[in-house]
Amino acid sequence: MDTPIFSDATLDLGEKGCGQLVMEIMFAMRKLAPGQTLLVTAYDPAAAEDIAAWCRMTGNTLMQTFSSTSAKQFLLQKGH
Amino acid sequence: MLNNFCVNLTHSIDDADRATVGMVVANAAVASGKNTIVFLTSEGVRLAIKGVADGIHEEGLTPMAELVKNYLAAGGVFWVCPPCFNKRRYKEADLIEGATLAGGAKLVEFLSNDAASVSY
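Residues numbered from 1 in each chain as written. Chains lettered and ligands numbered in written order. Predicted model: local features only at pLDDT ≥ 70, side-chain atom pairs only at ≥ 80, totals over all residues.

S.K.: Sorry if this is basic, but what is going on with the overall build of chain B here?
M.R.: A tally of helices and strands in chain B yields four helices and five strands. When its helices and strands are written in sequence order, chain B yields β-α-β-α-β-α-β-α-β. Taking 120 residues into account, the globule formula puts the C-alpha radius of gyration at 14 Å, and chain B, at 13 Å, falls close to it. Overall size of chain B, expressed as C-alpha extent along the three principal axes, is 35 × 30 × 20 Å. (Helix = DSSP H or I, 4+ residues; strand = E, 2+ residues; numbered from the N terminus. Rg over C-alpha atoms; globule rule 2.2 N^0.38 Å.)

S.K.: Help me out: how do you make sense of the sheet that holds strand S2 (residues 37–42) of chain A in this one?
M.R.: Sheet strands pair via backbone hydrogen bonds, and the direction of the pair is either parallel or antiparallel. Residues and elements named next belong to chain A. The four strands lie next to each other as S1-S2-S4-S3, forming an open sheet whose pairing is mixed. Looking at which strands have only one partner, the edges of the open sheet turn out to be strand S1 (9–12) and strand S3 (61–67). With direction set aside, neighbouring strand axes in the sheet form an average angle of 20°. In this sheet, strand S4 (residues 72–77) lies alongside S3 in antiparallel orientation, the contact comprising six bridges. Across the sheet, residue Thr65 finds its bridge partner in S4, namely Phe74. (Pairing = 2+ DSSP bridges. Axes fitted to C-alpha atoms, helices over the stretch in contact; angles between N-to-C directions.)

S.K.: For this particular structure, what's the right way to read the packing of helix H1 (residues 18–30) of chain A against helix H2 (residues 47–58) of chain A?
M.R.: Working note: a packed helix pair is described by the angle between its axes plus the distance between those axes. Residue and element names in this part refer to chain A. Close contact between H1 and H2 brings their axes to 10 Å; oriented N to C, the two are set at 45°. Between H1 and H2, the crossing angle belongs to the class labelled oblique. Considering how the two elements wind past one another, H1 and H2 form a crossing that is right-handed. From H1, Leu21, Val22 and Ile25 reach across to H2, where they touch Ala47, Asp50 and Trp54. Grouping the constituent residues of the contact of H1 with H2 by class yields five nonpolar, no polar and one charged. (Parallel < 35°, antiparallel > 145°, perpendicular 65-115°, else oblique. Left-handed = near helix turned anticlockwise from the far one by under 90°. Contact = placed C-beta atoms within 7 Å. Nonpolar A, V, L, I, M, F, W, Y, C, P; charged D, E, K, R; others polar.)

S.K.: What's the story with the packing of H1 of chain A against helix H1 (residues 16–31) of chain B in this structure? I'm lost.
M.R.: Packing of H1 of chain A against H1 of chain B leaves a shortest axis separation of 7 Å and a crossing angle of 30°. Of the possible angle classes, the one that applies to H1 of chain A and H1 of chain B is roughly parallel. Seen from above, H1 of chain A lies across H1 of chain B with left-handed handedness. Touching Cys18, Gly19, Gln20, Val22, Met23 and Met26 of chain A of H1 of chain A are Val24, Val25, Asn27, Ala28 and Ala31 of chain B, all from H1 of chain B.

S.K.: I'm lost on the sheet that holds strand S5 (residues 115–119) of chain B in this one. Help?
M.R.: Residue and element names in this part refer to chain B. Read from one edge to the other, the open sheet built from five strands follows the order S4-S3-S2-S1-S5, with strand pairing classed as parallel. Each of the sheet's edge strands pairs with one partner strand only, and the pair in question is strand S4 (99–101) and S5. Each strand axis lies, on average, 25° off the axis of its neighbour in the sheet, ignoring direction. Sheet analysis places strand S1 (residues 4–9) next to strand S2 (residues 35–40), joined by six bridges and oriented parallel.

S.K.: Can you help me understand H1 of chain A in this one?
M.R.: An α-helical segment advances 3.6 residues per turn. Residues three or four places apart therefore align on the same side. For H1 of chain A, which comprises 13 residues, the first-to-last C-alpha distance of 19 Å matches the rise-based estimate of 18 Å (1.5 Å per residue) to within 8%. Gly19, Gln20, Leu21, Val22, Met23, Glu24, Ile25, Met26 and Met29 of chain A are the residues of H1 of chain A that are buried. Buried residues along H1 of chain A sit in contact with S1, S2 and H2 of chain A together with H1 and helix H2 (64–73) of chain B. (Expected span 1.5 Å × (residues − 1). Buried ≥ 20, exposed ≤ 12 C-beta atoms within 10 Å, placed from the backbone.)

As C-alpha cells, then:
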C-alpha cells in the first residue's frame, strides 16, 4: 500500500515538459511561503532532470522523488 | 552561474515550430529566475506585433499566445530589432505590452555582462 505524501499544495503537470513544466512550477511556488512544500506530478520523461536543475538555480529544495508506472512525483520545498 | 539569458529569435509566422521552441526555452529561462530577454530579429519581430501570437500554434506544442502570456507574466521582456521592425513597416503602436525597440548596442551590452545566449 502506498504511503500518503503530505504537502502544502499539489500540482499535476500532465504531459507538460521543458519550459512549460518549470513555468507552472514557478507559478505554483509563488503562492507558497518559505518552508512550505509542493507535490508535483509529471509524466514528461525529462522532468526529473529539469526539476532538479530548476531547484538548483532557484534556491528551492527537491526533497524527494517518487516513481510509479508512468508518472513521477517530486516533493519540493520553497527556499527562504 | 550566469544570471542573464538571451534568446535570439529569428522566426515567427514563417516557422511556427522553430519560433515556438525558442519561446519554450525563454519560458524555461525566466521561470528559472534568469534575467531574460527575447531579442527578436528578422521575421521574429512579427511576434511582438499585437495579435500575431494568437495565430501561431504548432501541432504538439503549446500555443504561442500562452507562451507569450506566461513569459511576460514571469517578468520576461522582448527587445525588437529596429531595422528589422522598420523594414516591415510597423509602428511602435503595433507593439504588444512588454516589447520595446532595442538595437545592437543594447544587445551587445547585455551579452557582454556575463550573459548566456541561444538562437532560434
